[in-house]
Amino acid sequence: MNNSATGPDRTRTLHVHHDVAGFGEALSRDYAGEHHVPIGDGRHLKLRVSGAVSHHEGAVPVFFAAGRESSSGATQFWGSAIGRRVAHGFVELADPSLEFADSLKMGWYAGMEGTRAGDVILTVLDTMARVWGRELVLVGGADGAFAALSYASRMRTAGSAFVWNPPTDLGSYNRQLVDAYLRLAHPTTFEEEVPPAQWQDRRRVQFRRAGIMENLNDPRLHRPGRTDRLLYLQNQSDWRTVAHCAPYVAAHGILHLGTGSYMIDPQHCVQVCDWGAGHAPLEPDALAESLRSFLANEETPLEIGRRLALNTCRSRENLAKAPRDLRNLRDSIAPWVHAEHANLSGIVEVSMGGDVKAGYGGLRFGVQQLAAGKSEQLAWYSDATFIPVEPRRVRHDGELKLIVRDGMNNTLAVLPVERKGPSLPELKAFIYGSCVTRDAFNLSGMPEVADYVARSPLLSAMGEKPDLGDVDGSPQQLSSAFQRRMVERDLDKSLPTLLEETPHHLMIVDLIDERLAVHVDDTGAYTRSNEAKEAGLHKDSGTEFTPLSPGFMPLWDDAVAKFAELVQPERVILNKIYWAETDNHGEGLEPQYPVRAHNEALRAMYAAFEARIPCHVISYPDEILVADREHRWNLTPFHYVSGVYQHFRDQLVRLVSDL
């Protein structure tokens, strides 16, 4: 023994030992304080003994809860707040792995390369049990619980475990945390590049080469019955219930008794509780009361666990959600489950009939998509019956499946998800284009118009605000509120903001207003529409572009690329319409209107738009594109007969039903 205290009352003294034997000698003299025991490579296992353990009866709690404080580098022990409430003497054990590097967040008391950390921890535990002649109760939550559960089952002397929310398989744990540990603590054998499909198997090999027992769900490596007593507490809504607790129960054949209780025998119990939301820690008063009872050994772990479950339960119904093997009810569950996908909201709604309710026995639902020969998980498993699925991830050629699993992760059914298309009046549409689209929305049964942006071609809408400081005109000179608003929005470049802030299900785009001239100079761009001219907006410097101007398409394609970043392609519908060549009296519109030239320009623009934005498209047969001489807005090649607008509506109905 080196640098050891000389009396039993020096609780804050540091005791540095040459070996475990020296540590045992200090214990026999009842030396409290911090003890350092060598583990190899110049490193130490650090633990703190509080109180005069040998002077009192009862089991001794050993808290697996301590680590390195990054700012000072000192070891921080975190078990004393509970320890003082439950025992006259207790021990806090620091994780030697966390002493290895400041950046390491979790080490599961597994040690590091070049040391004998695991063997030393076991020997230290056995030494304490032997010297004191007492049962040790290894206590830990979350990652400390993994270590407490593992070491308690491997002690040669009486060792018990009191744990909550432990991971039970590091091979199924968070990949970033596992990789960070292995990279820092076992660099010689660490493989940096591991294909995702091989990650679990390759990491298991590395754990076992390092002598680390990483999987408590493997009966060859761990047996809960080897502990003297066991109380494993699991919060029901924590993700570890399904990922770690259920596999542990299944692997070791632990019997389910109902109300979340599982046991090998009354001394070895797993209890699922409902003390908080998600990965919530056990409330200190409840933890102290239950641990105090466990240490006193006057009740079985089964009794303690059941009382805790009932006292802390937020809802008695939640206890019915404790994991169960429901394979015997498969034929009673599958026929009563139905799922519908609301295409635009992205919600998969699950309805259940029969006697089994959602959540019973951990009954959960997940959503997968089968497309192009591949399966993709769109929603992970939960007991929710309204399951959100990101709309942009749902493929139109994909097949949606509802996967039904019980709390033990057994697949009970794989069911089709029915696609439910909304009716048009339920929708809101954002229109960016011209009256060609807007007029169709005057028909009955069409979606609500969320907003309408016109007279602002993409070259202007995606440009910079122009400097009009030397221009006398103003949109305020326009008497029409609609015209004034369109010019103001074009000048202010409002389209991106409107798209972001205006709720809408669909975005309808047509390119008819792209015919308008756009003035471009070093300061920005604006549309030279008739309304802008009437408002007196004119600049002498700069260049005007129309689709018929040389050099227009490269500039326009850049504008489409910017526009593509603002929209969700699956919500965009391109109204792919061309100028009419004749009117409803059979008269040709050339040469009064340059129809052919503009249609050639439209073909180029449509091709560029669809290349940038994989959107939905509404097309038209050539024979119905006829201009209307009696149109309310007058005769032009883009004021059509009523059949054109009816065709748009019919195609919109078809398209939305397929969305």
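Before reading on, note that the structure itself is shown above.
Note that the structure is predicted; figures quoted are calculated from it, not measured. (Residues numbered from 1 in each chain as written. Predicted model: local features only at pLDDT ≥ 70, side-chain atom pairs only at ≥ 80, totals over all residues. Heavy atoms only, no water.)

Visitor: Describe in detail the pairing of strand S4 (residues 60–64), supporting the description with residues and values.
Guide: Burial analysis of S4 places five of its five residues in the buried class, which makes it a mostly covered element. By the alternation rule, side chains of S4 split into Val60, Val62 and Phe64 and Pro61 and Phe63, which are all buried. Across four bridges, the pairing between S4 and strand S8 (residues 136–141) is parallel. Bridge pairing in S8 places Val62 opposite Leu138. As paired strands, S4 and strand S7 (residues 90–93) are joined by three bridges and run parallel to one another. Pairing of Phe63 across the sheet is with Glu92, part of S7. (Buried < 20%, exposed > 50% of the residue type's maximum accessible area, 1.4 Å probe, protein only. Helix = DSSP H or I, 4+ residues; strand = E, 2+ residues; numbered from the N terminus. Pairing = 2+ DSSP bridges.)

Visitor: Tell me about helix H4 (residues 143–152), and name the residues and values.
Guide: With 10 of 10 residues buried, H4 is to be regarded as a mostly interior element. Burial in H4 covers these residues: Asp143, Gly144, Ala145, Phe146, Ala147, Ala148, Leu149, Ser150, Tyr151 and Ala152.

Visitor: Let's hear about the sheet that holds strand S22 (residues 428–433): which residues, and what values?
Guide: The sheet built from five strands is open, its strands ordered S23-S22-S24-S28-S30 with parallel pairing. Both edges of this open sheet fall to strand S23 (448–454) and strand S30 (616–618), since each of them pairs with a single strand only. The mean angle between the axes of side-by-side strands here comes to 20°, regardless of whether they run parallel or antiparallel. Taken together, the three bridges between strand S24 (residues 506–509) and strand S28 (residues 572–575) define a ladder with parallel strand orientation. Across the sheet, residue Val509 finds its bridge partner in S28, namely Leu574. Against the sheet, helix H18 (residues 595–612) touches S24, S28 and S30, its axis set at about 170° to S28. (Axes fitted to C-alpha atoms, helices over the stretch in contact; angles between N-to-C directions. Contact = heavy atoms within 4.5 Å.)

Visitor: Please provide a residue-by-residue account of the layout of surface pockets, values included.
Guide: Quantified by volume, the largest pocket comes out at close to 660 Å³. Around the largest pocket, the lining comprises 25 residues; the ones closest to its centre are Cys435, Arg455, Arg515, Glu531 and His639. Of all elements in the fold, only helix H12 (435–438), helix H14 (481–492) and helix H16 (530–534) reach the threshold of two or more residues within the lining of the largest pocket. Residue contributions to the lining of the largest pocket peak at three residues, all from H16. Tallied by class, residues from the lining of the largest pocket come to eight nonpolar, eight polar and nine charged. Lining the second largest pocket are 22 residues, and of these Ala65, Gly141, Trp164, Pro281 and Leu287 lie nearest its centre. (1 Å grid on protein atoms, 1.4 Å probe; cavity = no way out; pocket = protein on both sides within 12 Å on 5 of 7 lines; lining within 4 Å. Points joined across faces, edges and corners; volume = space filled by probe spheres on them. Nonpolar A, V, L, I, M, F, W, Y, C, P; charged D, E, K, R; others polar.)

Visitor: Report on the nonpolar core, specifying residues and quantitative values.
Guide: Of all hydrophobic cores here, the largest spans 70 residues; its most connected members are Tyr432, Phe563, Phe609, Tyr640 and Leu652. The greatest single-element share of this core, amounting to seven residues, is contributed by H18. Discounting chain neighbours no more than four positions away, the residues touching Leu652 are Leu424, Met446, Pro447, Leu506, Ile508, Ile573 and Ile618. One finds Val20, Val120, Ala185 and Ile212 within the second-largest nonpolar core, a separate group that totals 67 residues. (Core = buried A, V, L, I, M, F, W, Y, C linked by side-chain atoms within 4.5 Å.)

Visitor: Before we move on, can you summarise the packing of helix H1 (residues 20–28) against helix H3 (residues 117–132) with the specific residues and values?
Guide: The N-to-C vectors of H1 and H3 enclose an angle of 30°; their axes lie 10 Å apart at closest approach. As the angle between them shows, H1 and H3 are arranged roughly parallel. For H1 against H3, the interelement crossing comes out right-handed. Here Val20, Phe23, Gly24, Leu27 and Ser28 of H1 come into contact with H3, specifically with Val120, Thr123, Val124, Thr127, Met128, Val131 and Trp132. Looking at the contact of H1 with H3 residue by residue, the classes come out as eight nonpolar, four polar and no charged. (Parallel < 35°, antiparallel > 145°, perpendicular 65-115°, else oblique. Left-handed = near helix turned anticlockwise from the far one by under 90°.)

Visitor: Give a description of a negative patch on the surface that names residues and reports values.
Guide: Together, Asp467, Asp470, Asp472 and Asp540 make up a negatively charged patch on the protein surface. Mapping Asp470 onto the fold places it in the loop between helix H13 (458–461) and H14. (Patch = residues over 30% accessible without salt bridge, like charges linked within 9 Å, V, L, I, M, F, W, Y side chains within 5 Å. Areas by Shrake-Rupley, 256 points an atom, 1.4 Å probe, with all protein chains shown as cover. Salt bridge = Lys/Arg side-chain N within 4 Å of Asp/Glu carboxyl O. Lys, Arg positive; Asp, Glu negative; His and termini not counted. Charge placed at Lys NZ, Arg CZ, Asp CG, Glu CD.)

Visitor: Explain the pattern of salt bridges to me, using residue names and the numbers behind them.
Guide: Under the criterion given, the structure shown has 28 salt bridges. With its nearest N and O atoms 2.6 Å apart, the salt bridge here joins Arg204 to Asp169. Of the two residues, Arg204 sits in helix H6 (residues 199–209) while Asp169 sits in the loop between strand S9 (159–164) and helix H5 (175–185), which places them 35 residues apart along the sequence. Each member of the pair Arg204 and Asp169 is classed as buried.

Visitor: Can you lay out unusual backbone geometry for me, pointing to particular residues and giving the numbers?
Guide: Backbone torsion omega between Glu590 and Pro591 reads 0°, so that peptide bond is classified as cis. Here Pro591 lies in the loop between strand S29 (582–583) and H18. If you check the backbone angles, Ala142 has positive phi at about 55° while not being a glycine. Looking at where Ala142 falls in the secondary structure, it is placed in the loop between S8 and H4. Residue Arg455 is not a glycine yet carries a positive backbone phi of 55°. Within the secondary structure, Arg455 is located in the loop between S23 and H13.

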